[in-house]
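The primary structure of each chain is shown beneath.
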Amino acid sequence: MTDESAGPETLPRPVRWVEALGRGTLYLVESFGRFGNFLGQAAALIFVPPLKVGRLVGRVYFIGFKSLTIVMLTGAFTGMALGLQVFLTLQRVGSEAFVGPAVGIALVRELGPVLTAVFVTGLAGSALTAELGIMRITEQVDALQVMALNPMRYLVVPAILAGLIAFPLLTAIFDVTGIYGGYLVAVILLGLSPGTYFGQMHAFADMTDVMVGFWKSLCFGVLVPWVCTYKGFHCGHGAEGVAHATTEAVVLSCVLILVFNYFLGSVLP
Amino acid sequence: MIRVQGLRKVFGRQQVLRGVDLDVATGEIMIIIGRSGGGKSVLLKHLLRLLRPDAGAVLVDGTDITRLRGEALEAVRRRYGVVFQGGALFDSMSVFDNVAFPLREKTSLGAGDIAKRVEEKLAQVGLVDMGHKDTAEISGGMRKRVAIARALVTEPEIVFFDEPTTGLDPILVNTIHRLIQGLHRQFRFTAVIVSHEIPEIFEIADRVAMLHEGLIIETGDARSIQNSTNPIVQQFIHGAVEGVTHAA
């Protein structure tokens, strides 16, 4: 006969392990549910007027324009490093003519969308989480709610729409500066002919590559604001809660960017 | 009228509200007092429907707001004004924009009418020509006044104050209390005030309710609370360290 009043301490160890596993699984499923529901609510509100155009413009400025300098800088140096390494590698087999397409395709398909998303996460995403977290702990989010205003409409929808607008544009800028960074090293410094650099790029890279980068950047444009606003919205108490939420948002965004990049790269042509 | 019936709320293993019953009559100033951690803020969040109870009801003019969602809930909240403990001012906006915000978002008033109404409210709380200031530039007392102006700008029927004088000096405490009293006389809203300011808060109270360990243990006018024979109430209002309850 079992003692039904037995507490967790008295349960056999394997039963406690199973219990802990069950609790962990439930927590995980619940978290995924909340996470998905958050995006679902925001997505539904995109199509329900009124759209907060002023806030959307502000968010595009915040995510897009404020990230422009760092995206251009990192794009240029990524292209330069890529140009240098690809040139030196291909020179060993006498194929340095293919530096242009190698740099172009690598940037447009992979590095452009991924690195742009990672840098924007570090710059704007972390700030977004911290801002929403502070609004949460100082009851500004509650204030919106009791004014009969939906905080999702004010704080989350503009950020996600701004991500959809800003990420592809920033990615395009990253790609272009990267290609010219590669040009600077391969053509200006290492003596490859400009016609070869761009001619071969034109011959090997096509619109499909551009579209792969575009779809990835759109996907990351939703993913990063989604994760960052979710973490800000659900941050813990005090400064520690905000700091923790910001770290989690950046780490989770970066991990998901790499995971989604792989799967999108597998699925897209 | 607000009626709270058998309100219960548990966070984890902690039972914060254990069956709260409370009536707030239309047009009165109801003060909720009680020790820190006694559940006052949680009760207030239920009245605002920022939290849902595990059991019980919050009736606003007969409508149980714990069951409301969407437009029906928004309709009730449109009747509310709230002054949060820290003010909850939007720090990306100026004083003027903070007060104008509910009017811009929830009414069809033109810019001229909004400006007139905002200036009028700022004047009522003693903040003439302060609209241009950034919320980061103003003092704690001014923040509370701006929060009061924002809460009242839509002329709500029910105003909630969550510890409106916490962290202010005694002169400012009395100034804010008089301000609330004056505005209440002028606009006749129903006020629910959570406060620790004892005995000062009794001067503006129509009725006082004491919340202790998740239960309303005494309700009455200020005098009856001050003369209560309940040892917990006596210990609390006199701030006695020794008594029925112990410091946390």
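Residues numbered from 1 in each chain as written. Chains lettered and ligands numbered in written order. Predicted model: local features only at pLDDT ≥ 70, side-chain atom pairs only at ≥ 80, totals over all residues.

A. Representation of the overall build of chain A within the structure. If you tally the helices and strands in chain A, you get nine helices and zero strands. The secondary structure elements of chain A, listed N-terminal to C-terminal, are α-α-α-α-α-α-α-α-α. In summary, chain A has a C-alpha radius of gyration of 23 Å against a globular reference of 18 Å for 269 residues, an excess of more than 25%. Projected onto its principal axes, the C-alpha coordinates of chain A cover approximately 85 × 55 × 35 Å. Taken over 269 residues, chain A has a buried fraction of 41%. Partitioning the contacts of chain A with sequence separation of at least 6, the portion at a separation of at least 24 is 88%. (Helix = DSSP H or I, 4+ residues; strand = E, 2+ residues; numbered from the N terminus. Rg over C-alpha atoms; globule rule 2.2 N^0.38 Å. Buried ≥ 20, exposed ≤ 12 C-beta atoms within 10 Å, placed from the backbone. Contact = placed C-beta atoms within 7 Å.)

B. Up close: the domain arrangement of chain A. All names here are of chain A. We note that the domain assignment places domain 1 (1-48) and domain 2 (51-267) within chain A. For domain 1 and domain 2, the distance between their C-alpha centres works out to 33 Å. The partner domain 2 presents nine residues to the seven residues of domain 1 that form the contact. Class assignment of the residues belonging to the side of domain 1 that touches domain 2 gives a composition of six nonpolar, one polar and no charged. (Domains from an automatic or database assignment. Nonpolar A, V, L, I, M, F, W, Y, C, P; charged D, E, K, R; others polar.)

C. Main features of the interface of chain B and chain A. Counting from both sides, the interface comprises 14 residues of chain B and, opposite them, 10 residues of chain A. Elements that contribute at least two residues to the side of chain B that touches chain A include exactly α2 (70-77), β6 (80-83) and α3 (95-106) of chain B. The dominant element in the side of chain B that touches chain A, judged by the number of residues it contributes, is α3(B), at three residues.

D. Broad picture of the sheet that holds strand β10 (residues 215-220) of chain B. Residue and element names in this part refer to chain B. Taken together, six strands build an open sheet; the order of strands is β6-β7-β8-β3-β9-β10 and the sheet is mixed. Strand pairing shows two members of the sheet lacking a second neighbour, β6 and β10, which therefore form its edges. If you compare each strand with its neighbour and ignore which way they point, the axes differ by 15° on average. In this sheet, β10 lies alongside strand β9 (residues 207-212) in antiparallel orientation, the contact comprising five bridges. Bridge pairing in β10 links V208 to G220. (Pairing = 2+ DSSP bridges. Axes fitted to C-alpha atoms, helices over the stretch in contact; angles between N-to-C directions.)

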